[in-house]
Amino acid sequence: MRGSIRRFTGAVDFEARASMLRQQPLTLWLTGLSGSGKSTIAYELERHLVALGHPCYVLDGDNIRHGLTSDPGFRPEDRRENIRRVAHVAQLMNDAGLIVITSLISPMREDRAMARNIIGAERFFETYLSASVDTCAARDPKGLYVKAKAGIIPSFTGISAPYEHPEQPDLEIDTALLDEATSVSLIFNYLRTKSFGDLDGCGANRDRH
Ligand code: ADP
């Protein structure tokens, strides 16, 4: 069936959109345990980028599970499907010119490799927030570790389900050692060099400053 569906190519290509928005679209893929700081950092980065006039969007695992990925659960194959869909959305958003920041535990190396493959290795930047399970459980911002340890939440990453840390992340930030502001600023500077460093101050708002 799918063999009879043809791709239609529009006249506006990736380069045209990137040059219009004055940024190299990319996906910053945040991975780490629950409570490692993914959502906190993702939304703070988004705030900085938008303030500078750089179109971007956060794909937050918890939010997306209310809609696009409301059907998969938390078995390994469900997590994989969750990641597959989010990666395709990120790829489309990059194609539309946006910087994308994803916030998903994405515990398995193989699944993150799949996301890299879908998005394109040249646009995918794996960023590991490396706080340990003890640190994350002590923070327990959503009260999930308490429930997981009590057996109320099954298959909880770090407690009753595995987390495979990245072997060669593009960037690693230990959020147990660095505070929020420092973590955000390190990642922001990294992202800037990859996306618009040579066009600094040249986001879509540049004429308005
Ligand atoms: P996740 O999205 O990974 O589950 P959250 O962002 O929801 O994690 O929660 C992280 C918690 O850790 C927040 O309460 C945040 O204030 C705290 N925190 C402490 N240090 C940092 C840091 N360096 N970066 C991000 N969050 C941090």
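Just so it is clear, the structure is predicted and the values come from calculations on it, not from any experiment.

Criteria and cut-off values
Residues numbered from 1 in each chain as written. Predicted model: local features only at pLDDT ≥ 70, side-chain atom pairs only at ≥ 80, totals over all residues. Heavy atoms only, no water. pLDDT = per-residue confidence, 0-100. Contact = heavy atoms within 4.5 Å. Helix = DSSP H or I, 4+ residues; strand = E, 2+ residues; numbered from the N terminus. Expected span 1.5 Å × (residues − 1). Buried < 20%, exposed > 50% of the residue type's maximum accessible area, 1.4 Å probe, protein only. Arc of directions from axis to C-beta. Pairing = 2+ DSSP bridges. Phe/Tyr/Trp six-rings, centres within 6.5 Å; stacked < 30°, edge-to-face > 60°. Lys NZ or Arg CZ within 6 Å of the ring centre and 35° of its normal. Near = heavy atom within 4 Å. Polar contact = N/O pair within 3.5 Å; in protein donor to acceptor, adjacent residues only side chain to side chain. Areas by Shrake-Rupley, 256 points an atom, 1.4 Å probe, with all protein chains shown as cover. Nonpolar A, V, L, I, M, F, W, Y, C, P; charged D, E, K, R; others polar.

## Notes on the confidence of the model for the chain
Line of reasoning, step 1. Looking at the chain, the pLDDT average stands at 92 and 94% of residues meet or exceed 70.
Line of reasoning, step 2. Every residue in residues 201–209 is under pLDDT 50, and counting partners more than four places away or in other chains gives 14 contacts.

## So, helix H2 (residues 38–51)
Since the α-helix turns once every 3.6 residues, residues separated by three or four places project in the same direction.
Line of reasoning, step 1. The terminal C-alpha atoms of H2 lie 20 Å apart, and with 14 residues this matches the ideal 20 Å at 1.5 Å per residue to within 8%.
Line of reasoning, step 2. Residues Lys-38, Ile-41, Ala-42, Leu-45, Glu-46 and Leu-49 constitute the buried set of H2. Viewed along the axis of H2, the buried residues span an arc of 135°, placing them on a single side of the element.
Line of reasoning, step 3. Where H2 is buried, its residues contact strand S1 (27–31), strand S2 (56–60), strand S3 (99–103), strand S4 (124–129) and helix H8 (180–195).
Line of reasoning, step 4. Just beyond H2, the residue with positive phi is Gly-53, at close to 85°.

## Points about the pairing of S1
Line of reasoning, step 1. In terms of residue burial, S1 counts as a mostly covered element, since 5 of its 5 residues are buried.
Line of reasoning, step 2. Residue alternation in S1 divides its side chains into two sets, Thr-27, Trp-29 and Thr-31 and Leu-28 and Leu-30, and both sets are buried.
Line of reasoning, step 3. Where S1 and S3 come together, 4 bridges link them in parallel fashion. Note on S3: the bridge partner recorded for Trp-29 is Thr-102.
Line of reasoning, step 4. In this sheet, S4 lies alongside S1 in parallel orientation, the contact comprising 5 bridges. If you follow Leu-28 over to S4, its bridge partner there is Phe-125.

## Observations concerning the packing of aromatic side chains
Line of reasoning, step 1. Within the structure shown, the criterion is met by 5 aromatic pairs.
Line of reasoning, step 2. A ring pair is formed by Trp-29 and Phe-124, whose centres lie 5.6 Å apart and whose planes are at 35°; its orientation type is tilted. A residue pair is termed long-range when its members are at least 10 positions apart, and Trp-29 in strand S1 and Phe-124 in strand S4 qualify at 95 residues. No difference in accessibility class separates Trp-29 from Phe-124, as the two residues are buried.
Line of reasoning, step 3. Ring geometry for Tyr-145 against Phe-156: centres 4.9 Å apart, planes inclined by 80°, an arrangement best described as edge-to-face. Separated by 11 residues along the polypeptide, Tyr-145 in helix H7 (residues 144–149) and Phe-156 in the loop between H7 and strand S5 (171–173) bring together distant segments of the chain.
Line of reasoning, step 4. Exposure remark for Phe-156: the relative accessible area of 8% places this residue in the buried category.
Line of reasoning, step 5. Here the guanidinium or amino end of Arg-65 rests over the ring plane of Phe-74, the centre of that ring lying 3.9 Å away.
Line of reasoning, step 6. Just above the ring of Phe-14 sits the side chain of Arg-123; from NZ or CZ to the centre is 3.7 Å.

## Side note on the site of the ligand
Line of reasoning, step 1. Around the ligand lies a shell of 17 residues, among which Gly-35, Lys-38, Thr-40, Leu-178 and Glu-180 are the nearest.
Line of reasoning, step 2. Between Gly-37 and the ligand, the recorded distance is 3.0 Å, taken from a backbone N or O atom to an oxygen atom.
Line of reasoning, step 3. With respect to the ligand, the backbone of Ser-39 contributes an N or O atom lying 2.8 Å from an oxygen atom.
Line of reasoning, step 4. Here the ligand loses 81% of its free accessible area of 570 Å² to cover by the protein chains.
Line of reasoning, step 5. Broken down by secondary-structure element, the contributors of at least two residues to the shell around the ligand are H2 and H8.
Line of reasoning, step 6. For the shell around the ligand, the per-class residue count stands at 4 nonpolar, 8 polar and 5 charged.

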